[in-house]
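# Inside the fold
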Amino acid sequence: MTELSLPARFEGVEMIQRVRIPARLAYEFTAGVATSRFLRQVVRKRLVGERCPVCTKVYVPPRGACPTCGVATAEQVELGHTGTITSYCIVNVAFYGQAMDLPYVSALVLLDGSDLPIMHLIGEVPYDEVHMGMRVEAVWEDGDEMEPTLEAIRYFRPTGEPDADPATYGEHV
Amino acid sequence: MGAERVAVVGVGQTKHDAVRGDVSIAGLVHEAAQRALDDAELDWADIDAVVIGKAPDFFEGVMMPELYLADALGAVGKPMFRVHTAGSVGGSTAIVASDLVAAGIHRRVLTVAFEVQSVSEAMWALSFPYPFQPPMHAGAGGYFAPHIRSYIRRSGAPDHIGILVALKDRRHALGNPYAHLHEPDITFESVRDSIMLWEPIRYSETCPSSDGACAMVLTDEAGGDAAAASGRAPAWVRGTAVRSEPTLAAGRDQVSPLAGRECAAAVYREAGITDPAAEIDAAEIYVPFSWFEPMWLENLGLCDVGDGWRLVDEGVTQLGGDLPVNCSGGVLSTNPIGASGMLRFAEAALQVRGAAGDHQVDGAQLALGHAYGGGSQFFAMWVVGAAKP
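Residues numbered from 1 in each chain as written. Chains lettered and ligands numbered in written order. Predicted model: local features only at pLDDT ≥ 70, side-chain atom pairs only at ≥ 80, totals over all residues.

### So, the overall build of chain B
The helix and strand tally for chain B stands at 14 helices and 11 strands. For chain B, the C-alpha radius of gyration of 19 Å lies close to 21 Å, the compact-globule estimate for 389 residues. Referenced to the eigenvectors of the C-alpha coordinate spread, the extents of chain B come out at roughly 55 × 45 × 45 Å. By residue count, 59% of the 389 residues in chain B fall in the buried class. In chain B, the proportion of contacts linking residues at least 24 apart, taken out of those at least 6 apart, comes to 79%. (Helix = DSSP H or I, 4+ residues; strand = E, 2+ residues; numbered from the N terminus. Rg over C-alpha atoms; globule rule 2.2 N^0.38 Å. Buried ≥ 20, exposed ≤ 12 C-beta atoms within 10 Å, placed from the backbone. Contact = placed C-beta atoms within 7 Å.)

Quick look at the structure:
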């Protein structure tokens, strides 16, 4: 075997131990029948959940089955665009890949008539005025930017109504 | 558990750190496994099968890493089993290993769990924009923070409880040479004044991102008896349980999930425990954000609902208290995600073997190891004892 030595031009060069290589996986993703029904309505600024025939809970977005009862959901339930904040957090750490001004509020919003809160952003209100029970409404993207995702809702903002009665959302806190 | 009694006769872990740049993934798991074998006074050839677990493969970007790690773990030509249960995986991996011995399928099983967070973006790995799902805007901390706020609302706990837990676990870590964080200068004020990352979670109330691995050697009753006869006390597995529940179910209690309550009840029942707070001498509980200590104390039935924070406030859960929790420093001081659950199980074993060094609970006879994962929908627990069941 021949003797190996480092070429002179590399002498004194700092050794690289790590390189950063963003990984990417591309998927064909099929939404499924129930979620497709929901997303086709979202681009029309309508929120349509589905009710479990056994426990009567309303899921939005629907995923085609009630995870508690294990049965298919079929009954469509059109919901309004308002809801109640059941809990939230004030975020002070920059979100990877997104440019949002800090701090911002990420909240669990229980849409009126539904039984499972969704996580979304709260806007048009100082972060330290957000609280449990606050009534909020969806602010939609402009029509030509509408995509069939929940991001079609830009954020939720306060409606100005009085706070919700804790009895109406207490089981979600 | 099956008919065969199961003993933990070897425990090994790596020095955990933010970046273990001195070893590859294979080197890291080998380091933990070799220490477990050395502790057990066994050799690679003595092992019948390997059970390995880690958090999602995308964290390191190595798909099915168990295939290439077989060589580093002496598993070539032997049965090897991979377990996936998100953050609880270290616990459920140990339980799979235990079950293989209890069922009489293998006599000696090496079980290993690891994570190399320095090559991943684990904090955001839960925040990918999955198509058609509600958006996540705030990472893992942002997912759990609203549930912590719910706990505070329900229990009326004062704000300083989260600070006390962080202070306690970081001080415990000073007695554990393997812990990632050693912060001798930490104070109540330094935790209190650290930045609010995800209010109500402060920076110093969150777990670090760690590289690390943990391993255990589990044997049948004959193996446990042999270890005891040679003066190396085994930890006897007294009960195991895993439970899960749907993440997105209407009416699900995210502060105290039903799966956690039922998992705890099952593991106590199997271990013959009727009064867990009185009978358990040491608990290693998966607490990635400080407020999860009082939340899990209640979920685990170690106190009444609403009283978890009082145990913290009164110092009951510190080393020297009536119910010491996370004497190793816990997840708050060391978090190689996939290994974090197994570290809880292994530290419980060290306690009842009397081998926990400077973080030993005097005379510990019975210890609980606990792990949870995902959006609090996976649970794994075991109870180990100094005495044979």
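On we go.
### Let's talk about the overall build of chain A
Within chain A one finds two helices and eight strands. Starting at the N terminus, the α and β elements of chain A follow one another as α-β-β-β-β-β-β-β-β-α. For 173 residues, the compact-globule estimate of 2.2 N^0.38 gives 16 Å, and chain A exceeds it by more than 25% at 23 Å. With respect to the three principal axes, the spread of C-alpha positions in chain A is 80 × 40 × 35 Å. Residues classed as buried in chain A amount to 32% of the 173 residues present. If you take every contact in chain A between residues at least 6 apart in sequence, the share linking residues at least 24 apart comes to 54%.

### A short note on unusual backbone geometry
Outside of glycine, negative phi angles account for most residues, and trans bonds account for most peptide bonds. In this chain, A:Leu102 is followed by A:Pro103 through a cis amide linkage whose omega measures -10°. Cis geometry is adopted by the peptide bond preceding B:Pro200, which originates at B:Glu199 and carries an omega value of 15°. Within the secondary structure, B:Pro200 is located in the loop between β5 (196-199) and β6 (201-202). One non-glycine residue, B:Ala86, lies in the positive phi region at around 50°. With respect to the secondary-structure elements, B:Ala86 resides in the loop between β3 (80-83) and α3 (89-102). C-beta crowding within 10 Å serves as the criterion here: with 20 such atoms nearby, B:Ala86 is assigned to the buried category. You will see that B:Ser376, though not glycine, has its phi angle at about 60°, which is positive. Considering the arrangement of structural elements, one finds B:Ser376 in the loop between β10 (366-373) and β11 (378-385). Assessed through the 26 C-beta atoms surrounding it within 10 Å, B:Ser376 is described here as buried.

### Concerning the domain arrangement of chain A
Accessible area lost when the parts come together is the quantity often used to give the size of an interface. Residues and elements named next belong to chain A. Domains assigned within chain A are domain 1 (24-79) and domain 2 (81-173). Taken over C-alpha atoms, the centre of domain 1 sits 20 Å from the centre of domain 2. The interface of domain 1 with domain 2 comprises 14 residues on the first partner and 12 residues on the second. The set of elements that each furnish at least two residues to the side of domain 1 that touches domain 2 consists of α1 (33-42), β1 (47-51), β2 (58-59) and β3 (75-79). With three residues, α1 is the largest single contributor of residues to the side of domain 1 that touches domain 2. (Domains from an automatic or database assignment.)

### Remarks on the sheet that holds β10(B)
Residues and elements named next belong to chain B. One open sheet holds the nine strands; their spatial order is β3-β2-β4-β7-β1-β8-β11-β10-β9, and the pairing between them is mixed. On the outer flanks of this sheet lie β3 and β9 (282-284), each paired with one strand and no other. Neighbour-to-neighbour, the strand axes of this sheet turn through a mean angle of 25°, independent of strand direction. In this sheet, strand β4 (residues 108-116) lies alongside strand β2 (residues 49-54) in parallel orientation, the contact comprising six bridges. Opposite Lys-54, over in β4, you have Phe-114 as the bridge partner. (Pairing = 2+ DSSP bridges. Axes fitted to C-alpha atoms, helices over the stretch in contact; angles between N-to-C directions.)

### Some remarks on the interface of chain A and chain B
Contact residues are listed per partner, giving 34 residues for chain A and 29 residues for chain B. Looking at the side of chain A that touches chain B, the elements with two or more residues in it are α1, β4 (82-91), β5 (104-111) and β6 (118-122) of chain A. With five residues, the single largest contributor to the side of chain A that touches chain B is β4(A). Looking at the side of chain A that touches chain B residue by residue, the classes come out as 22 nonpolar, eight polar and four charged. (Nonpolar A, V, L, I, M, F, W, Y, C, P; charged D, E, K, R; others polar.)

### Focus: α1(A)
Residue and element names in this part refer to chain A. Among the residues of α1, those classed as buried are Ala-34, Thr-35, Phe-38 and Val-42. Buried residues along α1 cover an arc of 90° about the axis, so they all sit on one side. Buried residues along α1 sit against β1. (Arc of directions from axis to C-beta.)

### Observations regarding the pairing of β6(A)
Residue and element names in this part refer to chain A. For β6, a buried count of five out of five residues is recorded, marking the element as mostly surrounded by other parts of the structure. The pairing of β5 with β6 spans five bridges and is classified as antiparallel. Across the sheet, residue Leu-108 finds its bridge partner in β6, namely Met-119. Linking two consecutive strands that pair antiparallel, namely β5 and β6, is a turn of six residues; a positive phi of about 90° is found at Gly-113 within it.

### Let's talk about the sheet that holds β1(A)
Residues and elements named next belong to chain A. Across the sheet, three strands lie side by side as β2-β1-β3; this open sheet has antiparallel pairing. The open sheet is flanked by β2 and β3, the only strands paired with a single partner. Sheet analysis places β1 next to β2, joined by two bridges and oriented antiparallel. What sits directly across from Glu-50, in β2, is Tyr-59.

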